[in-house]
Amino acid sequence: IGTSQDITEQKQYEAELEKAKEDAEKANKAKSVFLANMSHEIRTPMNAILGFAEILRQSIKDGVQKEQVEAIASSGKTLLSLINDILDLSKIEAGKLELQPHSVDTFSIFEEMKTIFSWKVREKGLEFIIEIDPTLPKALILDEVRLRQILLNLAGNAVKFTDKGYIKLSVEKDYTQEDHSMLNLVFSVED
């Protein structure tokens, strides 16, 4: 009697585990669908904000106002990047994340970081220094979204946790091929 009861309990336990697994998979799929729908709904007005910010940037001549509009545009790009992060998380969970390499002006991205954090840095009385290896090629083939994510995280944490002094974001290159066809970017943050 004890053996048949053990087998019955085991089968019931396995059935409960299978149901829990199915429920978790359904919930995960629902979450992914929700995130995809929400990110699409947020992207549409965000693209309009970025478009109008660009129109303003071109029409404003006052330096301070132009800087403020550029901060709006940079922050809008940051929000779009966060939306992409959310989608990426869903893709990573599904094993479908693919890098999107293309030619990128790396210097402009580093300067954009300075613009994005300029108000917070000023508010805290900090200095934001960007040091770029002067021999770094002007354009590199890389995934701009991922590079932006890395820099936003590095600089964002430094700004968040630094109360006085400065923040220095540095980038150097390390060639991985003798013909200089490939390189690693080496980032460091000092605060």
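Refer to the structure above for everything that follows.
Everything numeric here is computed off the predicted structure, so don't read it as measured data.

### Notes on the pattern of salt bridges
Turning to step 1, where the next piece is worked out: Throughout the structure, instances matching the rule amount to 13 salt bridges.
Turning to step 2, where the next piece is worked out: Ionic pairing is found between Lys 19 and Asp 23, a salt bridge with its closest N-O pair at 3.2 Å. Here Asp 23 and Lys 19 lie together in helix H1 (residues 2-59), a separation of four residues that amounts to about one turn.
Turning to step 3, where the next piece is worked out: In this structure, the salt-bridge partner of Asp 105 is Lys 138, at a minimum N-O distance of 3.1 Å. Separated by 33 residues along the polypeptide, Asp 105 in strand S1 (residues 102-105) and Lys 138 in the loop between strand S2 (127-132) and strand S3 (139-142) bring together distant segments of the chain.
Turning to step 4, where the next piece is worked out: Overall, Lys 138 belongs to the exposed group, its relative accessible area being 53%.

### Comments concerning the packing of helix H3 (residues 106-124) against helix H4 (residues 144-161)
Turning to step 1, where the next piece is worked out: For the pair H3 and H4, the least separation of the axes is 10 Å and the interaxial angle reads 25°. Taken together, H3 and H4 sit at an angle that is classed as roughly parallel. The handedness of the crossing between H3 and H4 comes out as right-handed. Where H3 approaches H4, its residues Thr 106, Ile 109, Phe 110, Glu 112, Met 113, Ile 116, Phe 117, Lys 120, Val 121 and Lys 124 are matched on the opposing element by Glu 144, Leu 147, Arg 148, Leu 151, Leu 152, Ala 155, Gly 156, Val 159, Lys 160 and Phe 161.
Turning to step 2, where the next piece is worked out: Here the contact of H3 with H4 is composed, by residue class, of 12 nonpolar, two polar and six charged.

### Considering the side chain of Arg 146
Turning to step 1, where the next piece is worked out: Here Arg 146 lies in helix H4.
Turning to step 2, where the next piece is worked out: Judged by relative accessible area, which is 16%, Arg 146 ranks as buried.
Turning to step 3, where the next piece is worked out: If we skip the residues at most four places from it in the chain, Arg 146 touches Asp 88, Leu 97, Glu 98 and Leu 99.

Parameters at a glance
- Residues numbered from 1 in each chain as written.
- Predicted model: local features only at pLDDT ≥ 70, side-chain atom pairs only at ≥ 80, totals over all residues.
- Heavy atoms only, no water.
- Salt bridge = Lys/Arg side-chain N within 4 Å of Asp/Glu carboxyl O.
- Helix = DSSP H or I, 4+ residues; strand = E, 2+ residues; numbered from the N terminus.
- Buried < 20%, exposed > 50% of the residue type's maximum accessible area, 1.4 Å probe, protein only.
- Axes fitted to C-alpha atoms, helices over the stretch in contact; angles between N-to-C directions.
- Parallel < 35°, antiparallel > 145°, perpendicular 65-115°, else oblique.
- Left-handed = near helix turned anticlockwise from the far one by under 90°.
- Contact = heavy atoms within 4.5 Å.
- Nonpolar A, V, L, I, M, F, W, Y, C, P; charged D, E, K, R; others polar.

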